[in-house]
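# Coordinates in review
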Amino acid sequence: MNTVVAIDGPAASGKSTVARGVAQALKSIYVDSGSFYRGVTWWVLRAGIPAGDRAAVIRGLAGLRFEKYLSEQAVRYRVDGEDPGTAIRGEAVAERVSEIAAMPEVRNQVNRWLRETRELGPIVMEGRDIGSVVFPDTPYKFYLDADPAERARRRHAESIAREEGRDVAQVLESLRRRDTRDSGRAEAPLKVAPGAQVIDTTHRAIDEVIQAIVTQVVSWTASR
Ligand code: CDP
């Protein structure tokens, strides 16, 4: 069975950069589970389905074609034949994604797609519930966290927030709203999975965090 390294944590905690780096170092495939929820949300908005209309979202999901493929050691996808590109990173999707991701039917479907990626090879998957729900049996679980102000600064430094003309305070507000919804939902809320190693990235360089995780995975593997 291919190994899974689970990296969970709140928005802009450094998960994406760290997970990519860990995947590269371990010659594994990188999977961004949040991008799957964002892809579904993008499709819902574009189809004109009100994000709050659960029945309509579920009906739409049943007919959705979600095709995964491997590109440069990362899993990518097309939704009904289309690659949404950077549209999934914009504020329109960010504002609705937690609502869509809170629906159990959406989570069940996305979890099936996520679990299938393990057939492609060893994976490093980042998200909110990878160590707790998607792959609870993996021994390799990490939870990254950082101060909200630092997370807002990092997210703002990414070009999309600036292109959309948002300032750091607005980005912080948006992150807080999403954190509250993600932590408070009934289904698979954001929390530290039992057995996960917690790493605070507020004052740590990304490379240092990558190295710490890789060292830990290698030593756990050697001792198994
Ligand atoms: O990159 P960022 O941390 O801002 O978020 P993301 O990983 O792209 O995830 C976007 C949203 O998808 C989150 O706010 C959650 O609502 C949802 N999500 C989830 O519910 N479960 C996951 N495993 C990953 C994301």
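Numbering of residues starts from 1 in every chain and runs along the sequence as written. This being a predicted model, a pLDDT of at least 70 is required before a residue's local features are given, and a value of 80 or more before pairs of side-chain atoms are given or counted; all residues contribute to the totals for chains, interfaces and linings. Hydrogens and water are ignored here; the side-chain numbers use all heavy atoms of the structure.

Moving on, we get to the pattern of salt bridges. The salt bridge criterion pairs a side-chain nitrogen of Lys or Arg with a carboxyl oxygen of Asp or Glu, the two atoms within 4 Å. Applying the stated rule across the entire model yields 18 salt bridges. A salt bridge links Arg89 to Asp32; its shortest N-O distance comes to 3.1 Å. Of this pair, Arg89 sits in the loop between β4 (74-79) and α4 (91-101) while Asp32 sits in strand β2 (residues 29-32), and the two are 57 residues apart along the sequence. In this scheme, a residue with accessible area under 20% of its type's maximum is buried, one over 50% is exposed, and one in between is partly exposed, where area comes from a 1.4 Å probe on protein chains only. Judged by relative accessible area, which is 35%, Arg89 ranks as partly exposed. Helix and strand labels come from DSSP, where a helix needs a run of H or I of at least four residues and a strand needs a run of E of at least two; each type is numbered from the N terminus.

A positive phi is found at Ala12, a non-glycine position, where the angle reads about 60°. Here Ala12 is to be found in the loop between β1 (4-8) and α1 (15-25). Judged by relative accessible area, which is 9%, Ala12 ranks as buried. Despite not being glycine, Glu72 shows a phi value in the positive range, around 45°. Note on placement: Glu72 falls in the loop between β3 (66-71) and β4.

Moving on, we come to the site of the ligand. Taken together, 20 residues are adjacent to the ligand, and Arg38, Arg107, Arg155, Arg178 and Asp182 come closest. Asp129 places a side-chain nitrogen or oxygen 2.8 Å from a nitrogen atom of the ligand. Between the ligand and Arg178, the relevant distance is 2.8 Å, taken from an oxygen atom to a side-chain nitrogen or oxygen of the residue. Burial of the ligand by the surrounding chains reaches 99%, relative to a free accessible area of 530 Å². Residue assignment for the shell around the ligand shows that the elements contributing at least two residues are α2 (33-46), α4 and α9 (168-184). Sort the elements by how many residues they give to the shell around the ligand and α2 lands first, with four residues. Only Asp, Glu, Lys and Arg are considered charged, only Ala, Val, Leu, Ile, Met, Phe, Trp, Tyr, Cys and Pro nonpolar, and every remaining residue, Gly among them, polar. Its residues placed into classes, the shell around the ligand shows six nonpolar, four polar and 10 charged. Neighbouring residues are identified by heavy atoms, a residue being near a molecule or strand if any of them is within 4 Å of it. Identification of polar contacts relies on pairs of N or O atoms within 3.5 Å, with a donor-acceptor requirement for protein atoms, meaning one able to donate a hydrogen and the other able to accept it, and with residues adjacent in sequence counted only if both atoms are side-chain atoms. Only the protein chains shown count as covering a residue, and every accessible area follows the Shrake-Rupley method with a 1.4 Å probe.

Interpretation note: all reported values are geometric properties and have no functional meaning in isolation.
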